[in-house]
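# A closer look at the structure
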Amino acid sequence: MSERITGFAPFFQSDAKVLILGSFPSVKSREQSFYYGHPQNAFWRILSTFFGEDKPICADEKKAFCLRNKIALWDIVTDCEIVGSRDETIKNFTVANLQEVLQNAPIECILINGGRAYSIFEKHYGGLEIPCFKLPSTSPANARRKDDEWYVALRRAFNRD
């Protein structure tokens, strides 16, 4: 059974350069009140490896990591009906107003975490003139994920080619 749930506000500061958009917070993320909370989600492992830092564990460490590395986080869906954490069950959703971030931080690139997030983004924001990269979901449910795609996109996003 689905229920209507509200996600998180965007997390960023005024010098953020890269916006990473997911679909909607998982059950584990909602329990922790911050993005990418499932311990098997590869998101924080991939980012910490890329930046050569220890993997952040708690929400405060994750927030500090993002601020230090000029990363903004948000989800393309701000509220919806959903069953558990399954993206394919998202319905009756509200799309994020990305201008809240784009008008308040010098975002140079948007990385989109997963196919469902990308399809919603593309439908509503496909005309943005900011470079955008569709990436495989870091969710533990995505067994076909290849981390290399993330590292290539991160190098481009943070001008480390």
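Attention in this report is confined to the structure presented alongside it. What you see is a predicted model, and the numbers here were worked out from it, not measured in a lab. (Residues numbered from 1 in each chain as written. Predicted model: local features only at pLDDT ≥ 70, side-chain atom pairs only at ≥ 80, totals over all residues. Heavy atoms only, no water.)

### A closer look at the pattern of salt bridges
For the structure on display, the rule yields 6 salt bridges. With a closest N to O distance of 3.8 Å, Glu31 and Lys28 form a salt bridge. Of this pair, Glu31 and Lys28 both sit in helix 1 (residues 27-32), 3 residues apart, which is roughly one turn of the helix. (Salt bridge = Lys/Arg side-chain N within 4 Å of Asp/Glu carboxyl O. Helix = DSSP H or I, 4+ residues; strand = E, 2+ residues; numbered from the N terminus.)

### A short note on the packing of aromatic side chains
This structure, assessed with the given rule, holds 13 aromatic pairs. Pairing Phe8 with Tyr35 gives two aromatic rings, centres 5.0 Å apart and planes at 80°, and the pair type is edge-to-face. Residue Phe8 is found in the loop between strand 1 (3-6) and strand 2 (18-22), and its partner Tyr35 is found in the loop between helix 1 and helix 2 (43-51); the two are separated by 27 residues along the sequence. Residue classification places Phe8 among the buried positions, given a relative accessible area of 19%. Members of the aromatic cluster, joined through ring pairs, are Phe8, Phe11, Phe34, Tyr35, Tyr36, Phe43, Trp44, Phe50, Phe51, Phe65, Trp150 and Phe158. (Phe/Tyr/Trp six-rings, centres within 6.5 Å; stacked < 30°, edge-to-face > 60°. Buried < 20%, exposed > 50% of the residue type's maximum accessible area, 1.4 Å probe, protein only.)

### Examining the nonpolar core
Ranked by internal contacts, the top residues of the largest apolar core, which has 53 residues, are Ile20, Leu73, Leu98 and Leu111. No other element matches helix 2, which puts 6 residues into this core. The contact partners of Leu111, leaving out residues within four places of it in the chain, are Val18, Leu19, Ile20, Leu21, Phe133, Leu135, Trp150, Ala153, Leu154 and Ala157. (Core = buried A, V, L, I, M, F, W, Y, C linked by side-chain atoms within 4.5 Å. Contact = heavy atoms within 4.5 Å.)

### Digging into unusual backbone geometry
Its identity as a non-glycine residue notwithstanding, Ser33 has a phi of 60°, on the positive side. As for its position among the elements, Ser33 is in the loop between helix 1 and helix 2. Positioned with a positive phi, Lys70 is a non-glycine residue whose angle comes to about 60°. According to the relative accessible area criterion, Lys70 is partly exposed, its value standing at 31%.

### Describing the state of the cysteines
With the rule as written, the count across this model stands at 0 disulfides. Looking at the unpaired Cys132, the closest cysteine sulfur is the one in Cys109, lying at 7.0 Å. (Disulfide = S-S within 2.5 Å.)

No statement about biological role is implied by the geometric values presented.
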